[in-house]
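Tertiary structure, described
Spelled out from the first residue to the last, the chains are:
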Amino acid sequence: MTNLSWRALGVFGVIVVAIIYVLPTIKPSFWPHKKINLGLDLQGGMHLTLEVDTEKAVEGTIERINQEMRSSIKEEHIRFISLNRVQGNQLVIKLKGQKNIDAFDKLLDKDFRNLRILSRNTEGDVLTLHMDLPVKETEQIEKLATDQALETIRNRIDQFGVSEPDIRLQGEKQILIQLPGIKDTKRAIALIGKTALLEFKLVDETHDLDAALKGNIPPGSEILYGVKEDPTTHRMYKTPYLLKKRTLLTGAHLTDARVQIDSQYNEPYVSIDFDKKGGRDFERITGENVKKRLAIVLDNKVYSAPVIQEKIAGGKARITGHFTTEEARDLAIALRAGALPAPVNILEERTVGPSLGTDSIRKGLMSMIVGGILVVLFMVVYYKGSGLIADFALMLNILLIAAGLAGFQATLTLPGIAGIILTIGMAVDTNVLIFERIREEMHIGKTPRAAVDAGYDRATLTVLDANVTTLIAALVLFQFGTGPIKGFAVTLSLGVIASLFTGLILTRIIFDYYLIKRKVKSLSI
Amino acid sequence: MQFIKPDINIDFVGKRIIAFSVSLSMILISIASLVIHKGPKYGIDFAGGTLIQVKFDKPVSVNQIKSGLSVMNLGKSSVQRFGEKSDDEYLIHIDRSGVTSEGYSAKLQTALKTSTGVNATVRRVEIVGPKVGKDLRGKALFAMFYALLFIAIYISGRFEFKWVLSGVMAGVLMGAVYLLSIFDVSVPILIVAALVVTLVLFWVMDLKYAMGAIVALIHDVTITVGLFSIFNKEFTLPVIAALLTIIGYSLNDTIIVFDRIRENLRKYQKNPLEIIINRSVNETLSRTLLTSGTTLVVVLSLFVLGGGIIHDFAFAMLVGIVVGTYSSIYVASPILLAWQARGKK
């Protein structure tokens, strides 16, 4: 076999592979490989960037230590003036008397070794101690919170039922979520953004609610509100509750949460099952507090505060709160998937309706076809037979880009389509460069074959250069771009590489075939 | 068929003074416009805010939409037509971000329906928080910076075939940038500084082709940015993508011309540089115009038919290609001449 045949065979191989990759996009039943992905801007959907408020996770940990320290101090019969969490993530304790101070130091060494002492001041016999968590530990809590939030959100979205969601970490504490084809964006955001921290707290019945509302909140208690919406007027009603700050039980011990319909009021509610420890705790709590009111608090909102009639065994409870069926279902999902370790903030939200996506595809394809036809016609008119060869190369170029998109499982976006359109213009650039050079060589009297050889040889370096600079820009864009722009960088890079292949290798083979094998003497250029 | 005959001989180089004045005034106008407008006008990608695209079933007036918005109490907002007139589509721009999760598009749809009496569909909502806006702004500027950096390094090596020098260049540039980043200067200053360092280095190392190319590049990008500022168009992520593409693409024509100049310098050693440059520009004129022409055709079709979302991208590309073609003929090559004049003094 000659050199030419080998080259032709190689090109043929590339074309066959390209067709294999592209086929599933045209007719999915043909071939089991994956289709070309469409970006959210083309198929509609929602893009969200969330930030995990990791500081809140650290504060939560400090608050837990605060509660533990309180109960330990009580157990050891140490007397203290005050113990508070300040500036979010610091603990301050004030102790009086050497006996108490010594006992506390012992306790600190024994049970709270992970705390860092920030400052230690003694005035008279009063000791003031500032403590917090070391940086390393804080970082670990923050990282854990982000990872856990990612996992929880992934679980929730899976249960919500979105096909092919893309959920990933970006940077240290941002979560990127892509939900293609989603319609009820409000519901999705509500479900994803819900912290879903379920807490059981006792209602403080020894103090007066009205006095507390005037600002006189007893230590160890807090005011939380229950919110109810009137189904007909959509007005919100807030009911204040005075609750003990201490959380008796959280949703961490849940095994299941399901929507059920109350037979009496015909209203949906969420029934929850506790695991063994949760069930035992719940039994103990209800047993110790019969005839008292237990508030069910979700994300600092009181859902209900029923009176405990008797000890509840069996580890089951129900959350009522005049839900719609959808609300109850989403709440059950959120509870099942678990609470977020820290609240999340929505930094960015982009929603594209499906009709707009279809419009974009139509307009993008339209401008591609019109631009393509104009270029194809121009090449044939201007370069005649050689123009046909260039046009063939152009078609193949688009096929190769499509194959590249499918092969790398890249995403086609609207700017991506623009990238393909741009490539159509640039791909013929390569041919124009070569053809003009061939014309020049023929003008100075070379034979067609010599002119083609010289044309390709001399133009190759220029063509490479021109494409390398575009490729540099495309690669930088790929590195820094987000979403749709990345799609542009991908098609542009693929286009540059494909046009090098078709322009320098494919068309050369066709010319060589005519000039060497068929011994054509004149060149239509 | 041939548009431009092989024996064409237009006196491009002779007109270089006129071309220089045109370019210089364009650049000055661009900078003036940027100063007057207090920098580029950032779209919501960079400034943060909310963008809502609404389609109405029948024609409505902007005032009707505005009265619907005032009911919603959204803060400062603007309304503009989007796409074709017959589309009845509008873009609503709200400075504030983070009004989300309240079932906002449903409410807006109802409010607009009441105020206009026409059925409205919210087709696109983009909410970008100030933090993400700032992030994206930083990313976009860094992308511009690195593209310029890599291309400066590439052309200094490529045009002069002095890869060692280009390595030195890269080292000095990176060092300068690193030094500056220690002092925590903003990215635009970083870009300007890197460009100045690049130009000085080209000057010192006597890299005249690279100098011509980079000046043409700065020329193209400045004028494109300036035109955006003059037409009060917004900078969005796609526009930045277009600018980067222009950075890559505008070199295209310059490379073609420069390669020919070098080839002709070897061929006709006795001729003065002025004649050789003019000859080279003429010889490659057909190629320059054709390659730009085909790209221009497709970008034009994108500009006309591609729809509103891609409109500004296509506009930036159009300007970039036209200015880039002009600069490769009238800016890049004459700089070589100016350089030679410097050498004689």
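Residues numbered from 1 in each chain as written. Chains lettered and ligands numbered in written order. Predicted model: local features only at pLDDT ≥ 70, side-chain atom pairs only at ≥ 80, totals over all residues.

1. Regarding the overall build of chain A
- Each helix and strand in chain A was counted, giving 13 helices and 19 strands.
- Dimensions of chain A, computed from the C-alpha atoms along their principal axes, are close to 110 × 60 × 45 Å.
- For chain A, the proportion of its 525 residues judged to be buried stands at 41%.
- Considering only residue pairs separated by 6 or more positions, chain A has 70% of its internal contacts joining residues 24 or more positions apart. (Helix = DSSP H or I, 4+ residues; strand = E, 2+ residues; numbered from the N terminus. Buried ≥ 20, exposed ≤ 12 C-beta atoms within 10 Å, placed from the backbone. Contact = placed C-beta atoms within 7 Å.)

2. Some remarks on the overall build of chain B
- Each helix and strand counted, chain B has 12 helices and 4 strands in total.
- On the principal axes, the C-alpha backbone points of chain B span a range of 80 × 55 × 30 Å.
- For chain B, the residues scored as buried account for 46% of the 345 residues in total.
- Partitioning the contacts of chain B with sequence separation of at least 6, the portion at a separation of at least 24 is 77%.

3. A closer look at the sheet that holds strand β13 (residues 254–261) of chain A
Residue and element names in this part refer to chain A.
- With respect to topology, 3 strands assemble into an open sheet ordered β13-β14-β17, the strand pairing being antiparallel. The two strands at the open ends of the sheet, each matched to only one other strand, are β13 and β17 (316–319). For this sheet, the mean angle separating the axes of adjacent strands, direction not counted, is 25°.
- Two strands pair when backbone bridges link them, and strand β14 (residues 268–274) and β17 are joined in this way by 4 bridges, in the antiparallel orientation. Of the residues in β17, the one forming a bridge with Val270 is Ile319.
- Sitting on the sheet, helix α9 (residues 325–337) is in contact with β13 and β14, with an inclination near 170° to β13. (Pairing = 2+ DSSP bridges. Axes fitted to C-alpha atoms, helices over the stretch in contact; angles between N-to-C directions.)

4. Brief notes about the domain arrangement of chain B
- Domain assignment breaks chain B into domain 1 (13–43 + 132–344) and domain 2 (49–124).
- The C-alpha-based centres of domain 1 of chain B and domain 2 of chain B are spaced at 40 Å. (Domains from an automatic or database assignment.)

5. Re the interface of chain B and chain A
- Taken together, the 55 residues of chain B in the interface contact 59 residues of chain A.
- Counting residues per element, the ones that place at least two in the side of chain B that touches chain A are β4 (120–128), α5 (130–160), α9 (237–267), α10 (273–305) and α11 (308–330) of chain B.
- Here the element with the most residues in the side of chain B that touches chain A is α9 of chain B; it accounts for 13 residues.
- A per-class count over the side of chain B that touches chain A returns 32 nonpolar, 15 polar and 8 charged.
- As paired elements, strand β18 (residues 344–352) of chain A and β4 of chain B share 5 bridges and run antiparallel to each other. Bridge assignment links Glu349 of chain A to a residue of β4 of chain B, and that residue is Ile127 of chain B. (Nonpolar A, V, L, I, M, F, W, Y, C, P; charged D, E, K, R; others polar.)

6. As for the nonpolar core
- Of all hydrophobic cores here, the largest spans 224 residues; its most connected members are Leu477 of chain A together with Ala143, Ala147, Ala213, Leu243, Leu244 and Ile247 of chain B.
- Filtering out sequence-adjacent residues up to four positions away, Ala143 of chain B remains in contact with Val476, Leu477 and Phe480 of chain A together with Ile240 and Leu244 of chain B. (Core = buried A, V, L, I, M, F, W, Y, C linked by C-beta atoms within 7 Å.)

7. Comments concerning the pairing of strand β1 (residues 49–56) of chain B
Residues and elements named next belong to chain B.
- Taken across its 8 residues, β1 has 7 buried, putting it largely inside the fold.
- Two strands pair when backbone bridges link them, and β1 and strand β3 (residues 89–94) are joined in this way by 6 bridges, in the antiparallel orientation. Note on β3: the bridge partner recorded for Ile52 is Ile92.

8. Details of the sheet that holds strand β5 (residues 116–123) of chain A
Residue and element names in this part refer to chain A.
- As summarised here, the arrangement of the 4 strands in space is β3-β4-β6-β5, forming an open sheet in which the pairing is antiparallel. At either end of the open sheet lies a strand with only one pairing partner, and these are β3 (80–86) and β5. Across the sheet, the mean angle from the axis of one strand to that of its neighbour is 15°, orientation sign disregarded.
- Docked against the sheet, helix α4 (residues 98–111) engages β3, β4 (90–96) and β6 (126–132), running at close to 145° with respect to β4.

9. Focus: the environment of Ile255 of chain B
- Within the secondary structure layout, Ile255 of chain B lies in helix α9.
- Residues Ile255 of chain B and Ala213 of chain B, 42 residues apart in the sequence, show an inter-C-alpha distance of 7.9 Å.
- Leaving out residues up to four positions away in the same chain, Ile255 of chain B has contacts with Thr462, Asp465 and Ala466 of chain A.

10. A look at the environment of Asn37 of chain A
Residue and element names in this part refer to chain A.
- Structurally, Asn37 is set in strand β1 (residues 37–38).
- Placed 373 residues apart in sequence, Asn37 and Ala410 show a C-alpha to C-alpha distance of 6.5 Å.
- Setting aside anything within four residues of it in sequence, one finds Asn37 in contact with Gln409, Thr411 and Leu412.

11. Some words on the packing of α9 of chain B against α11 of chain B
All names here are of chain B.
- Packing of α9 against α11 leaves a shortest axis separation of 9 Å and a crossing angle of 20°. In this view, α9 runs roughly parallel relative to α11, as classed from their interaxial angle. Taken as a pair, α9 and α11 cross one another with a handedness that is right-handed. For the pair α9 and α11, the contacting residues are Pro238, Val239, Ala241, Ala242, Leu243, Thr245, Ile246, Tyr249, Ser250, Asp253, Thr254 and Val257 in the first and Ile310, Asp312, Phe313, Ala316, Met317, Gly320, Ile321, Gly324, Thr325, Ser327 and Ser328 in the second.
- Looking at the contact of α9 with α11 residue by residue, the classes come out as 13 nonpolar, 8 polar and 2 charged. (Parallel < 35°, antiparallel > 145°, perpendicular 65-115°, else oblique. Left-handed = near helix turned anticlockwise from the far one by under 90°.)

12. Remarks on unusual backbone geometry
- The phi torsion at Lys38 of chain B lies on the positive side, around 55°, for a residue other than glycine.
- Inspection of the secondary structure assignment puts Lys38 of chain B in the loop between α1 (16–36) and α2 (44–47).

13. Some points on the domain arrangement of chain A
- Under the domain assignment, chain A is made up of domain 1 (3–42 + 353–517), domain 2 (55–133) and domain 3 (194–346).
- Put simply, the middle of domain 1 of chain A and the middle of domain 3 of chain A, counted by C-alpha atoms, are 62 Å apart.

14. So, the packing of helix α11 (residues 414–443) of chain A against α10 of chain B
- The N-to-C vectors of α11 of chain A and α10 of chain B enclose an angle of 160°; their axes lie 9 Å apart at closest approach. By the angle class used here, α11 of chain A and α10 of chain B are roughly antiparallel. The handedness of the crossing between α11 of chain A and α10 of chain B comes out as right-handed. Between α11 of chain A and α10 of chain B, the contacting residues are Ala418, Ile421, Leu422, Ile424, Gly425, Met426, Val428, Asp429, Val432, Leu433 and Glu436 of chain A on the first element and Ser286, Arg287, Leu290, Thr291, Thr294, Thr295, Val297, Val298, Val299 and Leu302 of chain B on the second.
- Looking at the contact of α11 of chain A with α10 of chain B, its residues break down into 13 nonpolar, 5 polar and 3 charged.

15. Here's the deal with α10 of chain B
- With 33 residues, α10 of chain B ought to run about 48 Å at 1.5 Å a step, and its terminal C-alpha atoms sit 45 Å apart, in line with that.
- In the segment just after α10 of chain B, Gly307 of chain B is the residue with positive phi, at about 90°. (Expected span 1.5 Å × (residues − 1).)

16. So, helix α8 (residues 208–230) of chain B
- The end-to-end C-alpha separation of α8 of chain B is 32 Å, in line with the 33 Å expected for 23 residues at 1.5 Å each.
- The element α8 of chain B is largely enclosed, with a buried count of 20 among its 23 residues.

17. Some remarks on the confidence of the model for chain B
- Averaged over all residues, the pLDDT of chain B is 84; the fraction at 70 or higher stands at 95%.
- Both confidence scores are given for the complex: pTM 0.84, ipTM 0.89. (pLDDT = per-residue confidence, 0-100.)

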